[in-house]
Protein chains: 2
Amino acid sequence: MTRAKQKTLLEACRQQGLRITGPRRVILEVLSAAEDHPDVEELHRRVAAIEPGVNIATVYRTMTKLTEQGLIERHVFEDGRLRFERAPEVHHDHFIDVETGKVVEFRSEEIERLQEEIAEKYGYEIVSHRLELYVRPRSGS
Amino acid sequence: MTRAKQKTLLEACRQQGLRITGPRRVILEVLSAAEDHPDVEELHRRVAAIEPGVNIATVYRTMTKLTEQGLIERHVFEDGRLRFERAPEVHHDHFIDVETGKVVEFRSEEIERLQEEIAEKYGYEIVSHRLELYVRPRSGS
DNA sequence: CGCCCAGTTGCAAACGGATCGCAATTAGAG
DNA sequence: CTCTAATTGCGATCCGTTTGCAACTGGGCG
Ligand SMILES: [Mn+2]
Ligand SMILES: [Mn+2]
Ligand SMILES: [Zn+2]
Ligand SMILES: [Zn+2]
């Protein structure tokens, strides 16, 4: 959903004053190429395919740092593992296929608006939210 | 949200053929009395206040069983711990106060309907969903 | 260009919530 | 009351994530 700042990740890191090390460069490359919502193990696997020897703890630490900088977004779906994607320029929510685990993105202006509306009715201000629709292909099985 | 089958939990267990043991009786009592969304540690604490000696593994196992029977609902909010509430007769979603952790329930027919609508548009059938609004009291802070 | 140090890394240990194996106990059907 | 399958307590174990620490290095500065 909304790819655009493809090359920006590495540059953004430089701007934020993060050191561009070997491991980090590869992790950024993997993240930039990712079209899905990989967990840490999967990221580590992809990194290892490019350059073996990068420790998984480094992947964890890098993801923490990137999240703090707001460069990536962290999710926890039903399996409980941390998953990541590049911070989208415009917010979206997710379908998750209960059989395959495949994640599909969507955005509903109406739902977003209704959330604000109901929060206001309760006297709240929304800080963040999470909407996940666990689905299966219609009619088949 | 929608209390009603207050006494039913224990009876429901009997119907499902679950043995009513000492520990289980206390756990059911705690669950029936709960107005919130306690995690396992909190449940165990409340159980211990009534009858010490019940192991936390027993709480875990009982919650698993009750969930399988559909008598309670299991949630995982942002802190990652398992939380429970009696299965509501009508579905609802949650506000979570980001400062206090307090959980408030709400239901929006419109949002529920829009979820179905957008799922259909994508060719999906919704199996379950999760909507959590992380909030703070409006204008204060 | 080379120095130097704060930031980063690899590795192993620790963490914490949840689960499991096992032997002892017990609910409750007959 | 008997008998068995379900349940329990306890400790060990799992597994994803975090952390302490010593070694390493990117990149600003001289
Ligand atoms: Mn996404
Ligand atoms: Mn609830
Ligand atoms: Zn949304
Ligand atoms: Zn809902």
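Everything discussed here concerns the structure shown above.
Residues numbered from 1 in each chain as written. Chains lettered and ligands numbered in written order. Predicted model: local features only at pLDDT ≥ 70, side-chain atom pairs only at ≥ 80, totals over all residues. Heavy atoms only, no water.

(A) Structural view of the pairing of strand β5 (residues 124-137) of chain A. In the sheet, strand β3 (residues 93-97) of chain A pairs with β5(A) via four bridges, with the strands oriented parallel. Looking at the pairing, A:Ile96 lines up with A:Tyr134 of β5(A). When β5(A) meets strand β5 (residues 124-137) of chain B, the two strands line up antiparallel, connected through 13 bridges. Across the sheet, A:Leu133 pairs through a bridge with B:His129, a residue of β5(B). (Pairing = 2+ DSSP bridges. Helix = DSSP H or I, 4+ residues; strand = E, 2+ residues; numbered from the N terminus.)

(B) The arrangement of the interface of chain B and chain A in detail. The interface is formed by 35 residues belonging to chain B together with 35 residues belonging to chain A. When the two sides are added together, the surface that chain B and chain A hide from each other amounts to roughly 3200 Å², 62% of it contributed by carbon and sulfur. Summed over the shared surface of chain B and chain A, the number is two salt bridges. A:Glu132 is the salt-bridge partner of B:Arg130, the closest N and O atoms lying 2.6 Å from each other. (Contact = heavy atoms within 4.5 Å. Buried area = accessible area lost by both parts, 1.4 Å probe. Salt bridge = Lys/Arg side-chain N within 4 Å of Asp/Glu carboxyl O.)

(C) Highlighting the packing of aromatic side chains. A full pass over the atoms with the stated rule returns six aromatic pairs over all chains. Between A:Phe95 and B:Tyr124, the ring centres sit 4.9 Å apart and the planes meet at 50°, which makes this aromatic pair tilted. Here A:Phe95 is found in strand β3, whereas its partner B:Tyr124 is found in strand β5 on a different chain. For A:Phe95, a relative accessible area of 0% corresponds to the buried category. (Phe/Tyr/Trp six-rings, centres within 6.5 Å; stacked < 30°, edge-to-face > 60°. Buried < 20%, exposed > 50% of the residue type's maximum accessible area, 1.4 Å probe, protein only.)

(D) Layout of the sheet that holds strand β4 (residues 103-106) of chain A. Taken in spatial order, the six strands line up as β4(A)-β3(A)-β5(A)-β5(B)-β3(B)-β4(B) in an open sheet, and their pairing is mixed. Pairing within the sheet leaves two strands with one partner each, and these edge strands are β4 of chain A together with β4 (103-106) of chain B. The mean angle between the axes of side-by-side strands here comes to 25°, regardless of whether they run parallel or antiparallel. Where β3(A) and β4(A) come together, four bridges link them in antiparallel fashion. Residue pairing across strands places A:Ile96 opposite A:Val103, the latter belonging to β4(A). On top of the sheet, helix α5 (residues 109-121) of chain A reaches β3 and β5 of chain A together with β3 (93-97), β4 and β5 of chain B; it is set at about 135° to β5(A), its chief contact. (Axes fitted to C-alpha atoms, helices over the stretch in contact; angles between N-to-C directions.)

(E) Representation of the coordination of the manganese ion (ligand 1) in the model. Residue and element names in this part refer to chain A. At this site the manganese ion (ligand 1) is bound by His37 (NE2), Glu85 (OE), Glu85 (OE), His92 (NE2), His94 (NE2) and Glu105 (OE), with donor distances of 2.2 to 2.4 Å. Coordination at the manganese ion (ligand 1) is irregular, judged from the six donor atoms that bind it and the angles of 54 to 168° they form at the metal. Counting the intervening residues between successive donors of the manganese ion (ligand 1) yields the motif H-x47-E-x6-H-x1-H-x10-E. Note that histidine 37 is positioned in the loop between α2 (22-33) and α3 (40-50) and histidine 92 in the loop between β2 (82-86) and β3, a separation of 55 residues in sequence. By relative accessible area, histidine 92 is classed as buried at 3%. (Donors = N, O, S within 2.8 Å, 3.2 Å for Na, K, Ca; no water. Tetrahedral: all angles 85-135°; square planar, octahedral: opposite > 155°, others 65-115°.)

(F) Main features of the protein's contact with DNA strand C. Lining the immediate surroundings of DNA strand C are 19 residues, of which A:Thr21, A:Arg24, A:Thr58, B:Tyr60 and B:Leu82 lie closest. Sugar plus phosphate, as a fraction of atoms of DNA strand C within 4 Å of the protein: 66%. A:Gly53 places a main-chain nitrogen or oxygen 3.1 Å from a phosphate oxygen of DNA strand C. In this structure, B:Arg19 approaches DNA strand C through a side-chain N or O atom, which is 3.2 Å from a base nitrogen. Mapped by element, the contributors of at least two residues to the surface near DNA strand C are α2 and α4 (56-68) of chain A together with α4 (56-68) of chain B. When the residues that make up the surface near DNA strand C are grouped by side-chain class, the tally is seven nonpolar, five polar and seven charged. (Near = heavy atom within 4 Å. Polar contact = N/O pair within 3.5 Å; in protein donor to acceptor, adjacent residues only side chain to side chain. Nonpolar A, V, L, I, M, F, W, Y, C, P; charged D, E, K, R; others polar.)

(G) Fine view of the protein's contact with DNA strand D. Taken together, 20 residues lie around DNA strand D, and A:Tyr60, A:Leu82, B:Thr21, B:Arg24 and B:Thr58 are the ones closest in. When the atoms of DNA strand D within 4 Å of the protein are sorted by group, sugar and phosphate make up 64%. Separating a base nitrogen of DNA strand D from a side-chain N or O atom of A:Arg19 is a distance of 2.8 Å. With respect to DNA strand D, the side chain of B:Arg61 contributes an N or O atom lying 2.8 Å from a base nitrogen. If you list the elements that add at least two residues to the surface near DNA strand D, you get α4 of chain A together with α2 (22-33) and α4 of chain B. Per-element tally for the surface near DNA strand D: the top contributor is α4(B), with four residues. Classifying every residue of the surface near DNA strand D by side-chain character gives eight nonpolar, five polar and seven charged.

Note that every value here comes from positions in space, so none of it alone points to a role or purpose.
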